[in-house]
Structures are given as structure tokens and as C-alpha cells.
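Coordinate analysis (summary)
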Amino acid sequence: MKMVINRNLLFFTFGFSFVASAVHASIDSQRKPYIVYMGEARGAGISTSDEHHNLLLAVTGEESIAKSSKIYSYGKNFNGFAARLLPHEVKRLSDEDSVVSVFANTRNRLHTTRSWDFLGMPQTAKRRLDMESNTVVGVLDTGIYVDAPSFNDDGYGPVPAKWKGKCVKGANFTGCNKKVIGARYYNLENIDQENQSPADVDGHGTHTSSTAAGIAVKDASLYGLAQGTARGGVPSARIAMYKVCWGSGCSDMDLLAAFDDAISDGVDIISVSIGGDSRSFFQDPIAIGSFHAMKKGILTSCSAGNGGPYPGTVENVAPWIMTIAATSIDRQFTTAFKLGNGMKATGISINTFSPKKETYPLIDGARASNSSGDYYGNIRCVHVIVIVSDLHLLSVFVLNDDDSACDYGTLSMDKVKGKLVYCLGSSGQDYTIKDLNGAGVITSLDAPTDIAYTTIIPGTSVLLKDGYKIDVYINSTKNPRAVIYKTRTTKMRAPFVASFSSRGPQLISLNILKPDIAAPGLGILAAYSKLATVTGYPNDSRYSPFNIISGTSMSCPHAAAAAAYVKTFHPDWSPAAIKSALMTTATPMKIKGVDAEFGSGSGQINPSEAVHPGLVYDINMSSYIRFLCKEGYNSTTISLLIGGKKKYKCSNFKPAQGIDGLNYPSMHAQLKSAKSNISAVFYRTLTNVGYGNNSVYKATVTTPKDLSIKVVPNSLKFNRTHQKQSFKVFVEGGSMQNGTQILSALLEWSDSKHIVRSPIIIYKPSE
């Protein structure tokens, strides 16, 4: 049979196919990754993958698109999937009865020794080593460097029988040991193709893991700085790493996949030093993951964020999360310098370099400029103004050109090479000066700071008054010289809330105080990855088994370890009971900022005291459901969160009582307006976890004059362990005047053996 080809038809068909493909390609490029959260897992024998495919098929209308658009299915502990969706598909899925929420996949950020002694947990602290060795701390972070000394497994017994996790091998990662018993990585968007393994090429995950559960390593230091024994809070515990963070951040879908695995693997505590902008609870992967962890008896410790000292910046605010602020220990890092005229002063930095010469030539950014400037002799005109007075100095810091700040591209290598450079402002100029072969850098601070950054070359940051003296010296000397000395550690008064630590009030549940508690996060020495340089920059030649880092990322694993420590003594306690024990036994902050408990929560953790709190504020699942109903979540959502065949309604539950609707260890109320009078009632129930019978606890309230606080009843008697007793706290007062926004009080229950503390915070919003 002879085939006849119609060329016009062939061309039309081909052209149509090409256009259709182009249209499909254009539409596909508009697809964005979303997470479809569907509540509790369906249970054994039910294929969530088929359910997810059918939903996608219903909204896309094509089998091939339904298959290609799905990225990942969650189904071990909660139900949901990640997929690339178009806007109208997002809308249709959001309207499905089986769907709790649909939210865009976003990228979250990392919140980047002696600390345990400072917290009252010396190496000789009482421990239940059999329980501690069976405890697994799950860490969601940048990976782990198993060969670090802090993870040596000498003397460890077999992996706990309960452990169901995996150790995934890959690039720069040959396997686990009996200390680091699990390691997985998640890269669902294939962002990083080169480091497909749990290996830590950043250092952050190694640092946080060892802070929580590293073994004791003697003579640990960063090039001799902060020398001592580095150890975690539960040094006999095991570690499971879930690598969710890459160079571009930590994606929602990876975080959820890690939570799903960690819960099933058998971790006892989860530590997450990651966060992002506040979102409603069930559009937030950390809130979702920690909610399902809580249902399985696992407490999640999260960093509060590094958005301080600004109010309203606290992150990870779900009430089932333990949210951790960062405080100081009694050690600071100071770096001295000396000018050629003999003047000595001290700045702040982490400078690991000792000077190789007695002094070095000194120049400022203006004189090192790669552009021509107007000078009178050796003095640039702008500096003639500087010398007049401190007031003019402040003006100059605003008016100076970019070269005075040593901004990238403004300086001449010929002028900088081999010299110390003085720069206005402090914005990482050490990297610029290193690229120009400078010998070191002195930067000026616009305001005092508590954060010491590690410099890539000799460097220190000084206050304005000392910067002014440097400026005068350079302007009055033909051949100015100076030297920067290696950093020293010195004592300081502590603890105080670190300046960077995010502050409340929170923006989601307005009457729940966040952060919950504080832990050391300023200048923390812990293990580090040999796959990363000390500063993280490729042109840094220093590699160290330990590093000094600051951030709520560092405070979070301290609290996670404290929770694990308490759990070794009380394995049957709920996550809420463990959290309550840590909060009610915390040490109140002696050094308070204007933000009061919005900075520190209940205070600094005191793990040894938390083992015997006397009483706890426990919260069960039905209490959380009542709270969510009060927060406005509907019956359909509640049924999906609880799971099972039974349909639940908020009307099935006793309404949540009080202004906050939850049996929380702290008490907080935000006024509705700046002119509102104060009127709040808190309903609370305490559970006796002490060992003695016939305990009588009496209430004591410390309150400012503007508040009237009444506790009813003000005496509670417990006849047996696990007995519960309820009380109410009535808070009254007029409108807050004279610019006052925060009123802080304290409730203490005491039986002479235990003190159970709860801060009471009233907040007035700005007008």
C-alpha cells in the first residue's frame, strides 16, 4: 500500500504539537512548590501516596501532570505532600475537606564548654547513665562531622534496641558510629548537587549537636581561646542528624520530611536551631512537625531567632514548642590594640592571631582610597572637621564617604598592603582588607555590642570614643603605627539576654508568652566541622575541631539537652511536663532589659533543679484542642489533626477558660488597645510530681504597684503523687500610663522544699 503524505497537514500537526509543548512548558515554569498538609497520618494499611495522587489528578485534570508535579509524600506520622502547583490548583486543594492547609514552600534560616558549668551542671552532676545512654537527641541542621573528637564512641555500648533510624552514606560521609547512630539528608528540590550526604560542610550542625550531647573533650579551644573541657549537656546520649539546611537555607518540605522520619526513628528529644517569619501554626513546618512529635511524647526545642533587640521578632511560637532565647555566660572575648604613641585600648572580637611584629603601619580608609581626594598636606579635608569635638565626630560618621568605611572596591591594594587599616563602621571589612593583603583591621562600633565576631585577619572593633582617638592620632602623625593583640577571655557580669536574641511579644497567639526560657548562646565553644573553615570563607586557611559561635542556634541545643537530662529521670513525663519543670525552676534574670520577660521568658535554665520541680503545669492533647478551638480553628481541622474515623467538633470539648485558654507555665495578656484597663483571669492546674505526701504549697505574688493580683485559692494541699489542684489568678489595673508598655509580676508556689515560679506579663500595644 502506498502512503500519501499531506505536507501541509504534517506541518500543521508538527506546528500544533510544538505550540502545545511550548504552552505546557510555559505553564510548568509557573508552577511553584507548595506543601499540602492533611493532618494526622491515616494509619497502617492506607496508602497516602494514592490519596495524594488522586487529589492532584482532580485539580490538574491530567494523569501525567499529577505524577510529574508531586515532589514527596508524607505519611508516617502526619499526612500530606509536596507538589509544584499553579495558583488555581492551590485554591482548589485549599477547599478540599481533607486538607488542613496549603502553603508555599519557603526557605528558613539558621539562627547563628564552660556554659554547662555556668548553668550549675558540672561534670560531677548526678546522672542516670543507663537512661542517658539510651536517649537519642534528634538534630535538624546542616549535617554532622562524625570524626570530630566530640563524637568519639569509645566505651559506648550497642545502639539502643528501640532505634529504627538509618545512616545514609555519601560524599565526605562514610558512616555513623555508636555515638552518632543516625544520619539522613533531605534535598527534595535538588538545590545542592555536590554535597549529597549528611556531611556538615558548614559547621553549624556539628556545633549544635556537640552542645547537646558531645562527649567531654579536655583542652578544647579555638587556637587557645576559651580553653577548657568541651562537653554536651547529656554527654552519654546518642545523636541522630537530619540534614535539612543547605547553602540557600532550610526548606519547608525538607523540614517536614525530617520530622516525619525522626518521630518514627525513635528520637526522644528534637532540637531545631532554625526559623522563619511567624506563620499560623498549620502553615508552619516546624509547628506542624513539633505538634505531631508532641503527640508521640517528643518535646521539640527551637531557637527564638536572632531578630533582637527589636520587639515582636520572636519565632517558633507554637505553645507545644519550647522556644529558647539566648543569654550570656560570665565570659567575654576582648581584643586589645596599641597605637604608636603608646595609647592602649580594648575592643571586641575573636582574633586568633598573635602579632609577628612589634607594630605595623596604620592607615585609615580615606587615605587608602583608590580615588583622588582633597587633602591639606597629609590630611583629607573631612578629617579637619573631625578633630574639633565629639559632636563633629558623630556628624562625620554619618557624612564620610564609602572609602572611610572601607567598602568593597573603594580601597587601593598598594596603599593597604602590609598595613593595619582603620575603618568607620563595622560591617565585615576584614574580608575586604584581607583581599588587599592588609595586615589587619580596626573597625568602629556605632553602639556598644556584646557579639564578638571571628575575624579572618587580625582585627578588633572599638567604641566611638576610641575610634576618635585613633582618628586624631592618624591625623597628627606622619608615620602612624599600631598593633593588634590576640584575643583574651575576661570575666563579666552575667547572665543577660544577648542583644541579637529575638524578643516578644509574639504575633500569633497574643496571650502566650514567648520565648519560654533562656539558655547560653553568646560566645559558645563547641565542636566544628573540618570541612568548613573557621569563618566559613574559602580564603580562610584555618580549620579547627572547635569553634566559637553566637546565636539562639547555640541556646536551643542547651535547652534540648536540659530536657533530655530531665527525661532520663522521668521517662514517663509528657513533653509539657518536662517543659514546665524547666520553666518553673528557671533562674530569674538579675540583669533585665526594658523588654523584661519578652527577652528571657521564665529565666535561664537550671537543669539540676528541673529534675525535682515539685509541681508541673501539664497539658494533654484535649487541652491543646480546646486551645485551638479558642484560637479559631474549625471542627474540620480539629478532626484532621486528631485523626481516626470519629468526627470531632469544638462543641464536643469543654471550652478553654481564661484569657489564654491553656494551662501554660507562664501567664501573659496583651491589652486590646493602648487605653484599655487591665482585666485578665488565668485558669491553672498543678500536678504534684514530688515524692512526699501531705505537701502544702502557698502562693506569693511580687507585683508592681500598678497591678492588683489575687490568687484563689492561695494555698494548695497535695496528699499523693500525680494529684491535681486548680486555682485562678485575677489580674486587675487601670490603663498603663506614661509610656509604660510592660508590667511584670511573679507568682511563686512554695512548700519550703520547692519553688514553682510563673512570670505574669501584661503588655500594652503601641498607640
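In its Sequence similarities (unreviewed entry) section, the UniProt entry covering the protein states "Belongs to the peptidase S8 family." Checking UniProt for the protein, the heading Subcellular location (unreviewed entry) contains the comment "Secreted".

**Things to note about the overall build of the protein**
When you go through the protein residue by residue, the secondary structure sums to 20 helices and 38 strands. Over its C-alpha atoms the protein spans a radius of gyration of 29 Å, differing by no more than 12% from the 27 Å that the globule rule assigns to 767 residues. With 767 residues in all, the protein has 57% of them scored as buried.

**So, the packing of helix α2 (residues 48–60) against helix α4 (residues 87–94)**
Between α2 and α4, the shortest axis-to-axis distance is 9 Å and the interhelical angle comes to 125°. Taken together, the axes of α2 and α4 lie oblique to each other. Crossing hand, α2 versus α4: right-handed. Counted together, Leu55, Ala58, Val59 and Thr60 of α2 and His88, Glu89, Arg92 and Leu93 of α4 form the full contact between these two elements. The class makeup of the residues in the contact of α2 with α4 is 4 nonpolar, 2 polar and 2 charged.

**As for the UniProt feature "active site" (unreviewed entry) in the protein**
In this structure's numbering, the residues bearing the UniProt feature "active site" (unreviewed entry) are Asp141, His204 and Ser553. Of the residues just listed, which span 413 residues, no C-alpha pair is farther apart than 9.7 Å, and they cluster in one region. When you line up the elements, Asp141 lands in strand β6 (residues 136–141). Setting aside its immediate chain neighbours within four residues, Asp141 contacts Leu110, His204, Gly205, Thr208, Met241, Tyr242, Lys243, Val244, Cys245, Ser273 and Ile274.

**A closer look at helix α16 (residues 575–584)**
In terms of residue burial, α16 counts as a mostly covered element, since 10 of its 10 residues are buried. Taken together, the buried positions of α16 are Pro575, Ala576, Ala577, Ile578, Lys579, Ser580, Ala581, Leu582, Met583 and Thr584.

**Re the state of the cysteines**
For the structure on display, the rule yields 4 disulfides. Paired by a disulfide, Cys245 and Cys250 hold their sulfur atoms 2.1 Å apart. With the S-S bond torsion at 105°, the cross-link from Cys245 to Cys250 turns out right-handed. Judged by its relative accessible area of 3%, Cys245 is buried. Here Cys406 is linked by a disulfide to Cys423, with a sulfur-sulfur distance of 2.0 Å. Because the torsion about its S-S bond is -95°, the bridge between Cys406 and Cys423 counts as left-handed. Taken together, the positions of Cys406 in the loop between α11 (390–399) and α12 (413–416) and Cys423 in strand β22 (residues 420–423) put the pair 17 residues apart, joining distant regions of the chain. When its relative accessible area of 0% is taken as the criterion, Cys423 is described as buried. Cysteine pairing for the protein, with bonded cysteines counted in sequence order: 1-2, 3-4, 5-6, 7-8. With no disulfide of its own, Cys302 has Cys556 as its nearest cysteine by sulfur position, at a separation of 5.9 Å. Since its relative accessible area comes to 0%, Cys302 is described here as buried.

**Regarding the environment of Asn187**
Relative to the helices and strands, Asn187 resides in the loop between β7 (180–185) and α7 (204–213). Exposure remark for Asn187: the relative accessible area of 8% places this residue in the buried category. Not counting the four nearest positions on each side in its chain, Asn187 is found in contact with Asp192, Gln196, Trp246 and Asp254.

Reading the values: the criteria
Per chain, the residues get numbers from 1 upward, laid out in the order the sequence is written. The predicted origin of the model limits local features to residues at a pLDDT of at least 70 and limits the giving and counting of side-chain atom pairs to 80 or more, whereas totals for whole chains, interfaces and linings rest on all residues. Just so you know, side-chain values use all the structure's heavy atoms and leave hydrogens and water out. UniProt positions are given in the numbering used here, feature names are shortened, and annotations may be inferred rather than shown by experiment. Secondary structure follows DSSP: runs of H or I at least 4 residues long count as helices, runs of E at least 2 residues long count as strands, and numbering of each begins at the N terminus. Only C-alpha atoms enter the radius of gyration; for comparison, a globular chain is expected to reach 2.2 Å times N to the power 0.38, where N is the number of residues. Buried means the residue's accessible area, taken with a 1.4 Å probe over protein chains only, is under 20% of the maximum for its type, while exposed means over 50%, and partly exposed covers the values in between. Orientation is described by lines fitted to C-alpha atoms, with helices fitted over the stretch in contact, and by angles between N-to-C directions that extend from 0 to 180 degrees. Roughly parallel here means an angle under 35 degrees, roughly antiparallel means over 145, roughly perpendicular means 65 to 115, and every remaining angle is called oblique. The handedness criterion is simple: a crossing whose near helix is rotated anticlockwise from the far helix by less than a right angle is left-handed, and one whose near helix is rotated clockwise is right-handed. Pairs of residues are marked as contacts when any of their non-hydrogen atoms sit within 4.5 Å. Residue classes follow a fixed rule: Ala, Val, Leu, Ile, Met, Phe, Trp, Tyr, Cys and Pro count as nonpolar, while Asp, Glu, Lys and Arg count as charged, and any other residue, Gly among them, counts as polar. Any two cysteine sulfur atoms within 2.5 Å of one another count as a disulfide.

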